[in-house]
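Each chain, written out:
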Amino acid sequence: MLDFQAMISAIGPELLLALAGLAGVLAGAYMGDRFNGLSFKLGAATLLLAALVVIMNWEGGEAFGGLVTTGPFVNFAKCISFVAGAVTLLMAEGFLKRHETIRYEYPLLVIFASLGMGIILSASNLMTLYMGIETLSLSSYVLASFHRDSIRSSEAGLKYFVLGALASGILLYGISLVYGFTGSVDYGDIASSERTIGLVFGMVLMISGMAFKVSAAPMHVWTPDVYEGAPSPVVAFFATAPKMASMVVFANLLFTAFSGVFEDWQMIIGIIATLSMLIGAFGALIQTNLKRLLGYSSIANMGYALVAVAAGAEYGAAALLVFMTTYVIASIGLFGGVLSMRREGGMVESIDELAGLVRRRTGLAIALTILVISVAGFPLAVGFIGKLVVFQAGWNAGLLPLLIVLVLSSVIAFGYYLRIILVMWVKEPAERFQPVGATVALSVYAAAAACLVLFVFVSPFIDWATQASAGFIQ
């Protein structure tokens, strides 16, 4: 008989999201277009409530005979992911309304994608992991092409679907090999299995599949096109909540299931991190579209995060949580800035359109500058603290070659981040942007304020991440 309390402790947020999603489907079918506007508020409230349930069950638990197991490390990621999903959902309503594509299906897709995020974070079994990945992926494919009348959106959704299906196939083939050579799909059993060539080969395929989910090189090719083509609120969601969840799942899978072959996967992760940092940094240098630039920036930042993963559980777990949280907060604000770039002819995405923004909208320019400084990792910014803890983790693990690449790619990245700041502060003013709604503006200012607050109170923040990772620290 199921232990209800243990089940709530382990997957309470996922049960809430599943029930809310099904209830939303029924409400939409019954109310039709009358449910469109209300669905966004209810969806955001559901995600925030799910984050609250996570906090109330912070220590986690185990359910369904060990198929799902949660603890502070994954609950940290759940909390950040659900809150980020709620914020991006509220940012989306005005955009979709202006483009006459507001439909209740959008928040339901975000809820089901968040359900997938919760499942993969709770997974302690490869089959549970795959179920969660497919739940997240199928919702994401539809979200990418949600603007059906847009050729760019449809193209982005098709590219994402085709490449995502390939990555899922690679991942599933890797899972089958791991099962074939260990006789189990349970994380604990895999960790205690003897090292074999078949196990290592299956692990490599799984790493390749997971690299696609976090847009790490060389599985990154979809990222710039999807970032440019998909509706901006969808990209804001992709760049924040799923990134946080997928990267922590990636780390948790390697730290637990494949802890016995650490030396094998450390080298592979180091290669992926190096490629991601360099491709992301050099690719962003030549971009003129802000969304494509943020896409390449995302690839580089996932490379920085993978340095923490390569450092191992003891040194890298807390660093990963700190870095990914700072990245998610800054990304929400930056995509709020993208959504603010609207004129009478519609949305604009060129970096040059930000020219002289400080003289047109001083508050927005200052907030965006804070966010750019943070995501760039300039000193005296919370993003710098995130990179610093990653650097420290790599140093403690003896990953000097990776740290050299990290520093070099960060210096290269200063070039394209400084270009954004110079355009806003130095160039002659461009035409004034039209107001886009209080929610979007508030998200930019709130993200900038959060970066400042985290920088001031960085010690308690790092302590919280360290306590959440205590299970990995020997």
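Residues numbered from 1 in each chain as written. Predicted model: local features only at pLDDT ≥ 70, side-chain atom pairs only at ≥ 80, totals over all residues. Heavy atoms only, no water.

## Examining the overall build of the protein
Next up, step 1: Scanning the protein from N- to C-terminus turns up 20 helices and four strands.
Next up, step 2: Relative to the compact-globule value of 23 Å for 474 residues, the protein shows a C-alpha radius of gyration of 21 Å, a close match.
Next up, step 3: Taken over the C-alpha atoms alone, the protein extends approximately 65 × 60 × 40 Å along its principal axes.
Next up, step 4: Counting over 474 residues, the protein shows a buried share of 62%. (Helix = DSSP H or I, 4+ residues; strand = E, 2+ residues; numbered from the N terminus. Rg over C-alpha atoms; globule rule 2.2 N^0.38 Å. Buried < 20%, exposed > 50% of the residue type's maximum accessible area, 1.4 Å probe, protein only.)

## Points about the packing of aromatic side chains
Next up, step 1: Going through the model one piece at a time under the given rule, you end up with 19 aromatic pairs.
Next up, step 2: Among the aromatic residues, those joined into a cluster by ring pairs are Y141, Y160, F161, F212, W222, F237 and F238. (Phe/Tyr/Trp six-rings, centres within 6.5 Å; stacked < 30°, edge-to-face > 60°.)

## What to know about empty space enclosed by the protein
Next up, step 1: Scanning the entire structure with this criterion turns up seven cavities of 30 Å³ or more.
Next up, step 2: Taken together, the elements giving at least two residues each to the lining of the largest cavity come down to α5 (126–144), α8 (197–213) and α11 (241–256).
Next up, step 3: Element by element, the count of residues in the lining of the largest cavity is highest for α5, at four residues.
Next up, step 4: Grouping the amino acids of the lining of the largest cavity by side-chain chemistry returns seven nonpolar, three polar and two charged.
Next up, step 5: In this model, the second largest cavity occupies a volume close to 70 Å³.
Next up, step 6: At the level of secondary structure, the elements contributing two or more residues to the lining of the second largest cavity comprise α13 (290–310), α14 (313–340), α16 (362–376) and α18 (400–425).
Next up, step 7: Of all the elements, α14 adds the most residues to the lining of the second largest cavity, at three residues. (1 Å grid on protein atoms, 1.4 Å probe; cavity = no way out; pocket = protein on both sides within 12 Å on 5 of 7 lines; lining within 4 Å. Points joined across faces, edges and corners; volume = space filled by probe spheres on them. Nonpolar A, V, L, I, M, F, W, Y, C, P; charged D, E, K, R; others polar.)

## Points about the side chain of S139
Next up, step 1: Tracing the sequence through the fold places S139 in helix α5.
Next up, step 2: Here S139 falls in the buried class, since its relative accessible area comes to 7%.
Next up, step 3: Once residues lying within four places of it in the same chain are set aside, the contact partners of S139 are L109, F112 and A113. (Contact = heavy atoms within 4.5 Å.)

## Side note on a nonpolar patch on the surface
Next up, step 1: On the surface, a cluster of nonpolar side chains totalling about 460 Å² of accessible area is made up of I366, L418, L422, W425 and V426.
Next up, step 2: Top contributing element to the nonpolar patch by residue count: α18, with three residues.
Next up, step 3: Within the secondary structure, L418 sits in helix α18. (Patch = residues over 30% accessible without salt bridge, like charges linked within 9 Å, V, L, I, M, F, W, Y side chains within 5 Å. Areas by Shrake-Rupley, 256 points an atom, 1.4 Å probe, with all protein chains shown as cover. Salt bridge = Lys/Arg side-chain N within 4 Å of Asp/Glu carboxyl O.)

## Focus on the packing of α13 against α14
What describes two packed helices is the angle between their axes and the distance between those same axes.
Next up, step 1: Where α13 meets α14, the axes come as close as 9 Å, and the angle between the chain directions of the two elements is 170°. By the criterion of interaxial angle, the relationship of α13 to α14 is roughly antiparallel. Contacts between α13 and α14 involve L290, K291, L294, S298, N301, M302, Y304, A305, A308 and V309 from the first element and G316, A319, L320, F323, M324, Y327, L334, F335 and V338 from the second.
Next up, step 2: Per-class residue counts for the contact of α13 with α14 are 15 nonpolar, three polar and one charged. (Axes fitted to C-alpha atoms, helices over the stretch in contact; angles between N-to-C directions. Parallel < 35°, antiparallel > 145°, perpendicular 65-115°, else oblique.)

## With respect to the layout of surface pockets
Next up, step 1: Reported here for the largest pocket is a volume of approximately 420 Å³.
Next up, step 2: Of all the elements in the fold, those that place two or more residues in the lining of the largest pocket are α3 (72–98), α14, α19 (438–456) and α20 (458–468).
Next up, step 3: Here the lining of the largest pocket takes seven residues from α19, the largest share from any one element.
Next up, step 4: Residue composition of the lining of the largest pocket, by class: 15 nonpolar, three polar and no charged.

## What about the side chain of S232?
Next up, step 1: As for its placement among the helices and strands, S232 is situated in helix α10 (residues 232–238).
Next up, step 2: Take S232: its relative accessible area is 4%, and that puts it in the buried class.

## A few points about α8
Next up, step 1: For α8, which comprises 17 residues, the first-to-last C-alpha distance of 25 Å matches the rise-based estimate of 24 Å (1.5 Å per residue) to within 8%.
Next up, step 2: α8 sits mainly inside the fold: 13 of its 17 residues count as buried.
Next up, step 3: One or two positions beyond α8, positive phi appears at S215, with a value near 55°. (Expected span 1.5 Å × (residues − 1).)

## Regarding unusual backbone geometry
Next up, step 1: With an omega dihedral of 5°, the bond running from A217 to P218 counts as a cis peptide bond.
Next up, step 2: Summarising the element assignment, P218 is placed in the loop between α8 and α9 (223–229).
Next up, step 3: Positioned with a positive phi, F64 is a non-glycine residue whose angle comes to about 55°.
Next up, step 4: Note that F64 resides in the loop between β1 (62–63) and β2 (68–69).
Next up, step 5: The backbone of S215 shows a phi angle near 55°, a positive value even though the residue is not glycine.
Next up, step 6: Mapped onto the elements of the fold, S215 is located in the loop between α8 and α9.
Next up, step 7: For S215, a relative accessible area of 0% corresponds to the buried category.

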